[in-house]
Amino acid sequence: MENQKLVQRVQSEFLEMPGLQLTPAQAARLWQLDSAVCQQIIDCLVGSAFLRWTSNGAIVRAER
């Protein structure tokens with residue numbers, strides 16, 4: 001359940017800040033998460049097609 005709250009928080013951040021682009025390390029620092037938990041959240045949001053990877057290894061909101 002805690003991860004679901006984190007997923008919703010991250011989605012909100014990307015919705016509130018169009019153009020937000022973060023590396024996994026930047027995301028972990030921004031959301032104050034350890035790297036493993038942050039990667040789980042990123043994987044969940046990439047898997048649901050909310051986020052996507054850029055060619056330079058950052059995450060951005062996927063175009064819909």
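### A look at the side chain of E13
Okay, so step 1: Note on placement: E13 falls in helix α1 (residues 2–16).
Okay, so step 2: Nearest to the buried, unbridged E13 among oppositely charged side chains is R9, at 4.3 Å.
Okay, so step 3: Apart from the residues within four sequence positions on either side, E13 is in contact with L20, L30 and W31.

### Some remarks on unusual backbone geometry
Okay, so step 1: Even without being a glycine, Q32 presents a positive backbone phi close to 50 degrees.
Okay, so step 2: As for its placement among the helices and strands, Q32 is situated in the loop between α2 (24–31) and α3 (35–47).
Okay, so step 3: With phi around 70 degrees, A49 is a residue other than glycine that occupies positive phi space.
Okay, so step 4: As for its placement among the helices and strands, A49 is situated in the loop between α3 and β2 (51–53).
Okay, so step 5: Taking the relative accessible area as the measure of exposure, A49 reaches 43% and is therefore partly exposed.

### A look at the nonpolar core
One broad trend across soluble globular proteins is that nonpolar side chains are buried collectively.
Okay, so step 1: Counting 17 residues, the largest nonpolar core has F14, L22, W31, C38 and L45 as its most contacted members.
Okay, so step 2: Each residue touching C38, except ones within four places of it in the same chain, is listed here: P24, A27, A28, W31 and L33.

### Remarks on the confidence of the model for the protein
Okay, so step 1: In this model, the protein carries an average pLDDT of 94, and 97% of its residues clear a pLDDT of 70 or more.
Okay, so step 2: Across the protein, element-level confidence peaks in strand β3 (residues 59–61) with a mean pLDDT of 98 and bottoms out in α1 with 93.

### Structural notes on the packing of aromatic side chains
Centre-to-centre distance and the angle between the planes together describe a pair of aromatic rings.
Okay, so step 1: A full pass over the atoms with the stated rule returns one aromatic pair.
Okay, so step 2: Ring centres 6.2 Å apart and planes at 55 degrees place the aromatic pair F14 and W31 in the tilted group. Note that F14 is positioned in helix α1 and W31 in helix α2, a separation of 17 residues in sequence.

### Digging into the sheet that holds β3
Okay, so step 1: Pairing in this open sheet of three strands is antiparallel, and the strands run β1-β3-β2 from one edge to the other. Every other strand in the sheet has two partners, leaving β1 (21–22) and β2 as the edge strands with one partner each.
Okay, so step 2: Note that β2 and β3 share three bridges and pair antiparallel. Counted as the bridge partner of L51 is R61 from β3.
Okay, so step 3: Where α1 meets the sheet, its contacts fall on β1, β2 and β3, and the angle it forms with β3 comes to roughly 70 degrees.
Okay, so step 4: This element, α3, spans β2 and β3 of the sheet and lies at about 105 degrees to β2.

What counts, and at which threshold
- All residue numbers here refer to positions counted from 1 along the written sequence of the relevant chain.
- pLDDT decides what is reported in this predicted model: residues at 70 or higher carry local features, side-chain atom pairs at 80 or more are listed and counted, and totals for whole chains, interfaces and linings draw on all residues regardless.
- Side-chain metrics in this entry use all non-hydrogen atoms of the structure; hydrogen atoms and water are not considered.
- Numbered from the N terminus, helices here are DSSP runs of H or I no shorter than four residues, and strands are runs of E no shorter than two.
- For the exposure calls, accessible area comes from a 1.4 Å probe over protein chains only, and a residue counts as buried if that area is under 20% of its type's maximum, exposed if over 50%, partly exposed in between.
- Residues scored as charged are limited to Lys and Arg (positive) and Asp and Glu (negative), so that His and the chain ends carry no count.
- One side-chain nitrogen of Lys or Arg within 4 Å of one carboxyl oxygen of Asp or Glu is enough to make a salt bridge.
- By definition, residues are in contact when any of their heavy atoms lie within 4.5 Å.
- The criterion is simple. A nonpolar core is a set of buried Ala, Val, Leu, Ile, Met, Phe, Trp, Tyr and Cys residues joined through side-chain atoms within 4.5 Å.
- Values of pLDDT, ranging from 0 to 100, describe the predictor's confidence in every residue of the model.
- Stacked, edge-to-face and tilted labels apply to pairs of Phe, Tyr and Trp rings (six-membered ring for Trp) whose centres lie within 6.5 Å, assigned for plane angles under 30 degrees, over 60, and everything in between, in that order.
- In short, DSSP must find at least two bridges between two strands for them to pair.
- Throughout, an axis means a line fitted to C-alpha atoms (over the contacting stretch in the case of helices), and angles, computed between N-to-C directions, take values from 0 to 180 degrees.

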